[in-house]
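Results of the structural survey
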Amino acid sequence: MRQKRKTGIILKRNQVMMIVIAVTLFFGIIVGSVMANILNQQQFMELTNFSNDFFLSFDVEKLNQMNVFKDCLIKYGKVVMIVWLLGFIPIGGIFSLFIMLMKGIAYGFTTAFLVRAYGIEGSFMAILLYFMQNIILITAYMFVIYSSIFYSVQNNRQARRYGNHFMEYSIVLLIGFSSVILGSLIETYVIPFFIKIF
């Protein structure tokens, strides 16, 4: 009976943790959307002109795919590694949530700007240009952040920074990097062909 109660408490805490992470992401998306919509006319036109120039000058044939792939690996892999390392810090969970918030703001701002600048077409742009890879990446970030917070709290309670669950926690890093590789492959070898549509 006591074991069932303990399991129920753990499951409830895990659910609360996932809800907090998801709410942090959505709050960031809302903040980013608001930021995009309150841009003054000059800022908005500068970003719009930059976007138009990018789409007009983009050439798949001249794209160095290996360099793009490496850049994606570094950009996304760095986030996974930082969040994973924060699991060894007692208050690392706070910083992990801050990273999730920043990601949400970036996604919200980009999407809201595209819709504001290009209307309905902007919605399709958002879906085609970064929805596919970011579904994978956001899921990976949420998983690694959840694991980081859980590992941090667990080790803090046990007064052992490097507890007996290090091997399991290492698998989290492996899953995170595998997701980064998959997301990077999509961004490098699939997304560039959609860019030319616009």
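Above: the structure in question.
Anyway, here's the lowdown on the structure attached to this text. Just so you know, these numbers come straight off a predicted model, no measurement behind them. In this numbering scheme, every chain counts its residues from 1 along its sequence in written order. Under the rules for a predicted model, residues below a pLDDT of 70 receive no local features and side-chain atom pairs below 80 are neither given nor counted, while totals for whole chains, interfaces and linings still include all residues. To obtain the side-chain values, all non-hydrogen atoms of the structure were used and water was disregarded.

**Comments concerning the overall build of the protein chain**
Going along the chain from the N terminus, every DSSP run of H or I of four or more residues is numbered as a helix, and every run of E of two or more is numbered as a strand. Each helix and strand counted, the protein chain has 7 helices and 0 strands in total. Start at the N end of the protein chain and walk to the C end: the helices and strands fall as α-α-α-α-α-α-α. Burial status follows relative accessibility: with a 1.4 Å probe on protein chains alone, a residue under 20% of its type maximum counts as buried, one over 50% as exposed, and anything between as partly exposed. Residue burial in the protein chain is summarised as follows: out of 198 residues, 40% are buried. Pairs at least 24 residues apart make up 85% of the contacts formed inside the protein chain by residues separated by at least 6 positions. Here, two residues are considered to be in contact whenever any of their heavy atoms come within 4.5 Å of each other.

**Looking at the packing of aromatic side chains**
Note on ring pairs: Phe, Tyr and Trp rings are taken, using the six-membered ring of Trp, and paired if centres are within 6.5 Å. Classes follow the plane angle, with under 30 degrees stacked, over 60 edge-to-face and the rest tilted. Summed over all chains, the structure comprises 9 aromatic pairs. With 5.7 Å between their ring centres and 75 degrees between their planes, phenylalanine 88 and tyrosine 169 make a pair best called edge-to-face. Separated by 81 residues along the polypeptide, phenylalanine 88 in the loop between helix H3 (65-86) and helix H4 (92-118) and tyrosine 169 in helix H6 (residues 166-189) bring together distant segments of the chain. Residue classification places tyrosine 169 among the buried positions, given a relative accessible area of 3%. Members of the aromatic cluster, each reached through a chain of ring pairs, are Trp84, Phe88, Tyr151, Phe166 and Tyr169. Sitting over the ring of phenylalanine 44, arginine 116 keeps its end group 4.1 Å from the ring centre. Sitting over a ring, as applied to charges here, requires NZ of Lys or CZ of Arg to be within 6 Å of the ring centre and within 35 degrees of the ring normal.

**Description of the layout of surface pockets**
Only protein atoms enter the 1 Å grid used here. Points where a 1.4 Å probe fits but cannot escape make up a cavity, open sets with protein on both sides within 12 Å along at least five of seven lines make up a pocket, and a residue lines them when an atom lies within 4 Å of a point. Grid points are joined across faces, edges and corners, and a volume is the space filled by probe spheres set on the points. Approximately 890 Å³ is the volume attributed to the largest pocket. As for the largest pocket, its lining consists of 27 residues, of which Phe54, Thr110, Leu129, Tyr130 and Glu187 are closest to the centre. Listed by contribution, the elements that provide at least two residues to the lining of the largest pocket are helix H2 (41-57), H3, H4, helix H5 (120-157) and helix H7 (191-195).

**Observations concerning H4**
Expected span, for any helix, means 1.5 Å times one less than how many residues it has. With 27 residues, H4 ought to run about 39 Å at 1.5 Å a step, and its terminal C-alpha atoms sit 39 Å apart, in line with that. Just downstream of H4, glycine 119 is the residue with a positive phi angle, here 65 degrees.

**Quick notes on H2**
With 17 residues, H2 extends 24 Å between its outermost C-alpha atoms, agreeing within 8% with the 24 Å of an ideal straight helix rising 1.5 Å per residue. If you check which residues of H2 are buried, you get Phe44, Thr48, Ser51 and Phe55. Seen end-on, H2 carries its buried residues on one side only, within an arc spanning 65 degrees. Exposed and facing more than 90 degrees away from the buried side of H2 are Gln42, Phe50, Leu56 and Ser57. Throughout this description, a polar contact denotes any pair of N or O atoms lying within 3.5 Å of each other; where both atoms belong to protein, one of them has to be capable of donating a hydrogen while the other can accept it, and for residues adjacent in sequence the pair is counted only when both atoms sit in side chains. With a side-chain oxygen positioned 3.1 Å from the backbone nitrogen of glutamine 42, the residue opening H2 is asparagine 40. What the arc measures is the spread of directions leading from the helix axis to the C-beta atoms.

**Some details on the side chain of serine 184**
Considering the arrangement of structural elements, one finds serine 184 in helix H6. By relative accessible area, serine 184 is classed as buried at 0%. Separated by 2.8 Å, the side chain of serine 184 and the backbone oxygen of valine 180 make a polar contact. The contact partners of serine 184, leaving out residues within four places of it in the chain, are Phe69, Cys72, Leu73 and Tyr76.

**Examining the nonpolar core**
In summary, soluble globular proteins display a tendency toward joint burial of nonpolar side chains. With 28 residues, the main nonpolar core has Ile21, Trp84, Met100, Tyr141 and Met142 as its most contacted residues. Among the elements that take part in this core, H5 stands out by supplying 9 residues, more than any other. Residues contacting methionine 142, with those up to four places away along its chain left out, are Met18, Ile21, Ala22, Leu25 and Met100. For this analysis, a nonpolar core means a set of buried residues of the types Ala, Val, Leu, Ile, Met, Phe, Trp, Tyr and Cys, connected via side-chain atoms within 4.5 Å. In terms of nonpolar packing, the next biggest core, distinct from the first, is built from 17 residues, Leu39, Phe44, Leu129 and Ile186 among them.

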